[in-house]
Amino acid sequence: MYRSSGPLGPEGEEARTTTDAVYYRMRREIATGVLAPGTQLVHRKLAQRMGTSTIPVVDALRRLEGAGLLETTPGQGTRVRKWEPHEVQEAYLIRAAHEGVACRLFVQRGTEEELTAVEALAAEFDAAARAGQAEVCNVTDERIHLLIAQGARSRELLRLVENSGLVLLTIGRTMLPLELANEREVGPLGIHDSLIAALKSGESGRAEHEGREHVLEAWGRIAPRLAKHYRHLNILPG
C-alpha cells in the first residue's frame, strides 16, 4: 500500500533518495513561502544550496512541476508558480472532486481501523481548535484527508489528493497578505462530523457528496478574505 508523505514532507521516515530529499525540502520551502511565488529557479544554484549534483535537482523540479507548484516558460526557465486570484476557486473545485471520489472509495475499501483513525484525528483537530492552534488544525486536517485517500486504495488518487492539498496549503500561505492570512480560523469545531457520519453510513453516494461539500465549505470561508484583498475580482463563492 502506497503511503502518503504528509502535507509538508515525510512523516517518521527518511527520504529514500537524494531526489526525494531535494523534493521534500523544496516543496516545504514553496508551501511556507521561503521560495516565494515568481522566484526563478536555477539548477546550478539550487544544487549548490542543496549540497548535491544537478541531476537530483532536475528530477525534483520535474516532480514539483507535475504537482502544480512550478511553471516553466520556454526561454524564461522555471519559476515558483505565481497563483492568480481567479485560479484559486479552480483549485478548490479540483480538490473537491478528488475528495468526493476518495470518500466514495473509502466507504467501499477502507477498514474499520482506518475509520477509527480518522475519528481520532478529527478529535485532535477539535482539541487544537479549542486551544486556538491554527497551524495544528491545518496539518491535522490534511492528515485526515490523506488518510481517507489512503483508505480508498488508489495510488493515483492518493497522489492527486496529496498534490491538490499541497496546492491549497501553498495558496493559503502565500496569496494573502500577512494580516489576512493571520485571520485563518481555528476550526470550526465539529467541521468533520458530517463527513465522518457519511463514511460510517456505508453509503458511497452520501460519502462522495459530503466529501465534496466539505471542501467547498472551506472555499466559502476563504473566498471573502480573498475578495477583501482583490476587490476588483468576482471571486465570491458560487
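Rules and cut-offs
Residues numbered from 1 in each chain as written. Predicted model: local features only at pLDDT ≥ 70, side-chain atom pairs only at ≥ 80, totals over all residues. Heavy atoms only, no water. Helix = DSSP H or I, 4+ residues; strand = E, 2+ residues; numbered from the N terminus. Areas by Shrake-Rupley, 256 points an atom, 1.4 Å probe, with all protein chains shown as cover. Phe/Tyr/Trp six-rings, centres within 6.5 Å; stacked < 30°, edge-to-face > 60°. Buried < 20%, exposed > 50% of the residue type's maximum accessible area, 1.4 Å probe, protein only. Pairing = 2+ DSSP bridges. Contact = heavy atoms within 4.5 Å. Axes fitted to C-alpha atoms, helices over the stretch in contact; angles between N-to-C directions. Salt bridge = Lys/Arg side-chain N within 4 Å of Asp/Glu carboxyl O. 1 Å grid on protein atoms, 1.4 Å probe; cavity = no way out; pocket = protein on both sides within 12 Å on 5 of 7 lines; lining within 4 Å. Points joined across faces, edges and corners; volume = space filled by probe spheres on them. Nonpolar A, V, L, I, M, F, W, Y, C, P; charged D, E, K, R; others polar. pLDDT = per-residue confidence, 0-100. Expected span 1.5 Å × (residues − 1). Core = buried A, V, L, I, M, F, W, Y, C linked by side-chain atoms within 4.5 Å.

Considering the overall build of the protein
Argument step 1. Broken down by element type, the protein carries 10 helices and three strands.
Argument step 2. Counted from the first residue to the last, the protein has its helices and strands arranged as α-β-α-α-β-β-α-α-α-α-α-α-α.
Argument step 3. Just so you have it, the protein exposes about 11,700 Å², and 50% of that area is on carbon and sulfur atoms.

Points about the packing of aromatic side chains
Argument step 1. Across all of its chains, the model carries two aromatic pairs by this definition.
Argument step 2. Ring centres of Tyr 92 and Trp 219 lie 5.4 Å apart, and the angle between their planes is 40°; this geometry places the pair in the tilted category. Here Tyr 92, found in helix H4 (residues 85-109), pairs with Trp 219, found in helix H10 (residues 204-229); they are 127 residues apart in sequence, far enough to count as distant.
Argument step 3. Look at Tyr 92 and you get buried, because its relative accessible area is 8%.

A closer look at the environment of Gly 205
Argument step 1. Structurally, the position occupied by Gly 205 is in helix H10.
Argument step 2. For the pair Gly 205 and Leu 105, spaced 100 residues apart in the sequence, the C-alpha separation amounts to 9.8 Å.

Focus on the sheet that holds strand S3 (residues 77-80)
Argument step 1. Ordered by their spatial adjacency, three strands build an open sheet running S1-S3-S2, and the pairing between neighbours is antiparallel. What marks the edges here is a single partner per strand, and that holds for strand S1 (40-41) and strand S2 (70-73).
Argument step 2. Note that S1 and S3 share two bridges and pair antiparallel. Within S3, the residue paired with Leu 41 across the bridge is Thr 78.
Argument step 3. Strand contacts of helix H3 (residues 54-66): S1 and S2, with the helix running at about 105° to S2, the strand carrying the most contacts.

Overview of unusual backbone geometry
Argument step 1. Despite not being glycine, Arg 153 shows a phi value in the positive range, around 60°.
Argument step 2. Assignment of secondary structure puts Arg 153 in the loop between helix H6 (134-151) and helix H7 (155-174).
Argument step 3. What makes Arg 153 partly exposed here is its relative accessible area of 34%.

Looking at the side chain of Thr 140
Argument step 1. Structurally, Thr 140 can be placed in helix H6.
Argument step 2. Here Thr 140 is in contact with Leu 121, Glu 124 and Phe 125, once residues within four sequence places are set aside.

A look at the pattern of salt bridges
Argument step 1. What the rule picks out here adds up to 14 salt bridges.
Argument step 2. For Arg 25, the salt bridge goes to Glu 29, with nearest N and O atoms at 3.3 Å. Remark: Glu 29 and Arg 25 occur in helix H1 (residues 18-31); sequence separation between them is four residues, near one turn of the helix.
Argument step 3. Among the salt bridges present, the one from Glu 87 reaches Arg 81, with a minimum N-O distance of 3.1 Å.
Argument step 4. With relative accessibility at 18%, the residue Glu 87 sits in the buried group.

With respect to the layout of surface pockets
Argument step 1. By volume, the second largest pocket amounts to about 250 Å³.
Argument step 2. Looking at the second largest pocket, it is lined by 15 residues, and the ones nearest its centre are Ala 67, Trp 83, Ile 94, Ser 164 and Val 167.
Argument step 3. Across the lining of the second largest pocket, the residue classes tally to six nonpolar, five polar and four charged.

Some thoughts on the confidence of the model for the protein
Argument step 1. Looking at the protein as a whole, the pLDDT averages 87, with 86% of positions reaching at least 70.
Argument step 2. In this model, residues 178-182 is a region of pLDDT below 50 whose contacts with residues beyond four sequence positions or in other chains number five contacts.

Here we look at H1
Argument step 1. Its 14 residues place the ends of H1 20 Å apart at the C-alpha level, agreeing with the 20 Å of an ideal helix rising 1.5 Å per residue.
Argument step 2. Most of H1 is tucked away: 10 of the 14 residues are buried.
Argument step 3. The complete set of buried residues in H1 reads Thr 19, Asp 20, Val 22, Tyr 23, Tyr 24, Met 26, Arg 27, Glu 29, Ile 30 and Ala 31.
Argument step 4. The inward-facing, buried residues of H1 contact S1, helix H2 (43-50), H3, S2, S3 and H7.

Some remarks on the nonpolar core
Argument step 1. Counting residues in hydrophobic clusters, the biggest one holds 36 residues, and the most contacted among them are Met 26, Leu 41 and Ile 171.
Argument step 2. Among the elements of the structure, H1, H2, H3, H4, H7 and H10 are those that each provide at least two residues to this core.
Argument step 3. When residues of this core are assigned to their parent elements, the largest contribution, six residues, is made by H1.
Argument step 4. Once residues within four sequence positions are removed from consideration, Leu 41 is found in contact with Met 26, Leu 35, Leu 46, Leu 61, Leu 70, Thr 78 and Val 80.
Argument step 5. With 28 residues, the next largest nonpolar core counts Val 107, Leu 115, Ala 128 and Ile 196 among its residues.

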